[in-house]
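In case you want the letters, here they are:
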Amino acid sequence: MKLLAIAFTWHDGNISYFDGNKIHYHKLERTKQEKRYYSENVWDWKKEVNELWNIDVKDIDEIAVVFDTYENFIDFQDYPPEVKEVSQGYKNATLMNKQNNPINLHTDKNIYYVGHHYAHSLSSWMLINRESDVNIVFDGAGERKCWSVYKNDQLVDSGHIDNGSLGWGLREAGKLLTVDYGHRNDIAGKVMGLQSYGNLDHSYLEKIKEYGISNIKEMYSFENWVKHKQDALLAGLTSLDWIHTVHQATEECLVDFFSKYASEDDLITYSGGVAQNVIWNTALKKKFKNLVIPPHSSDEGISLGALEWLRRKNNLKPFKMQNFPYIQSDIAPSTNPSNETVEVMAKLLAQGKTVGWYQHQGEAGPRALGNRSIFMDPRIPDGKEKINNIKKRENYRPFGATVLKEHVKDYFDLEWDDDYMLYTAKVKTTDLPAITHVDNTCRVQTIDQETNLGLYTLLKEFYKLTGCPVLLNTSLNLAGKPIAGYPENAKDIFITTPLDCVVIGGEVWYKN
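Starting from 1, residues in each chain are numbered consecutively following that chain's sequence as written. Where totals are concerned, whole chains, interfaces and linings use all residues; where local detail is concerned, this predicted model gives features only for residues with pLDDT of at least 70, and gives and counts side-chain atom pairs only at 80 or more. The side-chain quantities take in all heavy atoms of the structure and omit both hydrogens and water.

## Re the overall build of the protein
By the criteria applied, helices consist of DSSP H or I runs no shorter than four residues and strands consist of E runs no shorter than two, each listed in order from the N terminus. A count of helices and strands for the protein gives 18 helices and 20 strands. Relative to the 2.2 N^0.38 estimate, which gives 24 Å for 512 residues, the radius of gyration of the protein is 23 Å and therefore close to what a compact globule would have. With the C-alpha coordinates aligned to their principal axes, the bounding extent of the protein is approximately 65 × 65 × 40 Å. Taking all 512 residues of the protein together, the buried fraction comes to 61%. Pairs at least 24 residues apart make up 69% of the contacts formed inside the protein by residues separated by at least 6 positions. For the protein, the exposed surface amounts to about 20,700 Å²; the carbon and sulfur share of it is 45%. Charged residues are defined narrowly, with Lys and Arg counted positive, Asp and Glu counted negative, and His plus the chain ends left uncounted. A single reference atom marks each charge: NZ on Lys, CZ on Arg, CG on Asp, CD on Glu. Looking at the protein, you have 58 positive and 69 negative side-chain charges, and the mean spots of the two groups are 2 Å apart. A radius of gyration in this sense is built from C-alpha atoms; the matching globule rule multiplies 2.2 Å by the number of residues raised to 0.38. Under the scheme applied here, a residue whose accessible area is under 20% of the maximum for its type counts as buried, over 50% as exposed, and between as partly exposed, the area being computed with a 1.4 Å probe on protein chains only. In what follows, residue pairs with any heavy atoms lying within 4.5 Å of each other are defined as contacts. Note on areas: these come from Shrake-Rupley sampling with a 1.4 Å probe, and a residue is covered only by the protein chains present in the view.

Shown next as structure tokens:
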């Protein structure tokens, strides 16, 4: 049986396909090379799937689609509740766009509309070996909801955006703080790094924690901070203290929220764009040891959730995902690095050089996990400035790191493996300035031979030369641009920046 799932969202459009044997996945921005790319025309899906996988539409048995029901194609305001929720799949519904015209996907196949949050809740299937006890979703405004809780495959509670949204709260806070951005969905991640420069106001923290997740709008109100400081000028001058305190309050309220719906031993899957916040994730993981977060937790993962819905509907065997998370249908090199190339790159890294690394298929999710990365020795004192000069990033933003699993506890206060850079840890040494954020933390990827053999081999060779089992690992892209999806993108970054060299498969490009 051949199944297709399409995410028609106003950002991070993605498509998943089951050909009867194998899962295929693609986030469109990787090959379009347009950050947060989405298709403005719903009929473009035919062209996209044909270019990606040479699919003949007549051979597809069923199609599931997920819309962004708030921002983009559909206005559900006047539709009955069963269509607004679409939670269990709504077959061949006649849905209207915001211009009150029927949406036509230009196919006679059975179409199933799957709810935005429900697709999120199903998107962790490749990371769990049984049905989760609780599925929790937090995002901006999918289906006019900012959060949803599912148990036994049923929606048990949700929060309306009229009461505020964590995704939107961080976004609007970033605008107030004058954060620079290309796409507004980039703001929240930048605020996560920026808030660390503020100081905690303990009395204000206790005040706003009373609002809780049920009243996010008030928790993120800057006017409340002005009232607390009793002076608009003083409030403006201490805005970093405000966002730091609000960020801490959100962390504590999230832990309380999860405790309302789950026990500490429950298997919890957590998704939505908010699940990219590594600081909040860490607080949750410390209390809920069986918390599972997919690297594609934001909207770029919802086609994988919709595909899972089709599998369940048709009572198919559980899918198996090969080489996860390296599943992008982007352009893979035709060769691999030789042992000699790996040794040369390790020596260059040990000499303080920066190395671009483009190997195999790209990673699912927004973070580089070793196949589309830039590496550097994290011990270099001015390493942050060096990488920022390459990537054109703001100086206040932190960098992640990759560490050999057998050495992680020597360098980081991390209590569990983190293959996907979804948590943060205290740095135990002062010897890694390039990856140590102002709050003495780092977002860490732990790695072994099973995680990514190519990166493991490179890092092991670097460790042999330097005694350091850690590399700075940042994505192979420039600020405001997607991660490289073609070898040519990697070459362009090498040519137009001070990047010292780039390895594309087995091919190496050096600066003269």
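## Some details on the packing of helix α7 (residues 202-209) against helix α11 (residues 239-261)
The axes of two packed helices give the description: the angle between them and the distance between them. To get an axis, a line is fitted to the C-alpha atoms, and for a helix only the part in contact is used. The angle between two axes follows their N-to-C directions and goes from 0 to 180 degrees. At their nearest, the axes of α7 and α11 sit 9 Å apart, and the two run at 45° to each other. The angle between α7 and α11 places the two elements in the oblique class. In this structure, the crossing between α7 and α11 has a hand that is right-handed. Across the interface between the two elements, Y204, L205, I208 and K209 of α7 pack against W242, T245, V246, Q248, A249, E252 and C253 of α11. Each residue receives one of three labels: charged for Asp, Glu, Lys and Arg, nonpolar for Ala, Val, Leu, Ile, Met, Phe, Trp, Tyr, Cys and Pro, and polar for the others, Gly being one of them. Class assignment for the residues of the contact of α7 with α11 results in 7 nonpolar, 2 polar and 2 charged. Roughly parallel means an angle under 35 degrees; roughly antiparallel, over 145; roughly perpendicular, 65 to 115; everything else is oblique. Here a crossing is taken to be left-handed if its near helix is turned anticlockwise relative to the far helix by less than a right angle, and right-handed if that turn runs clockwise.

## As for unusual backbone geometry
The amide bond that connects F324 to the next residue, P325, takes the cis arrangement and shows omega of 10°. Here P325 lies in the loop between α13 (302-313) and α14 (339-350). The backbone of Q230 shows a phi angle near 60°, a positive value even though the residue is not glycine. Mapped onto the secondary structure, Q230 falls in the loop between α9 (222-229) and α10 (232-237). For K392, which is not a glycine, the phi torsion comes out positive at approximately 60°. Residue placement: K392 occurs in the loop between α15 (383-391) and β14 (400-404). Overall, the relative accessible area of 53% leaves K392 in the exposed class.

## Some remarks on the packing of aromatic side chains
The criterion for an aromatic pair is that two Phe, Tyr or Trp rings (for Trp, the six-membered ring) have centres within 6.5 Å, with stacked assigned to planes under 30 degrees apart, edge-to-face to planes over 60 apart and tilted to the rest. Counting across every chain of the model gives 22 aromatic pairs. Geometrically, the ring pair formed by F67 and Y113 is stacked, given 5.9 Å between the ring centres and 20° between the ring planes. A residue pair is termed long-range when its members are at least 10 positions apart, and F67 in strand β4 (residues 62-67) and Y113 in strand β6 (residues 110-113) qualify at 46 residues. With centroids separated by 5.0 Å and ring planes inclined at 50°, the aromatic side chains of F257 and Y261 adopt a geometry described as tilted. Of this pair, F257 and Y261 both sit in helix α11, separated by 4 residues, roughly a single helical turn. Taken together, the ring pairs in this structure connect F138, W147, F257, F258, Y261, Y270 and F288 into an aromatic cluster.

## Here we look at the pattern of salt bridges
When a carboxyl oxygen of Asp or Glu lies within 4 Å of a side-chain nitrogen of Lys or Arg, that pair is called a salt bridge. According to the stated counting rule, one finds 29 salt bridges in the structure shown. A salt bridge links R171 to E172; the shortest N-O distance between them is 3.0 Å. K209 is the salt-bridge partner of E206, the closest N and O atoms lying 3.7 Å from each other. Residue E206 and its partner K209 are both found in helix α7; the two are separated by 3 residues, about one turn of the helix. Using a relative accessible area of 44% as the deciding quantity, one classes E206 as partly exposed. With relative accessibility at 24%, the residue K209 sits in the partly exposed group.

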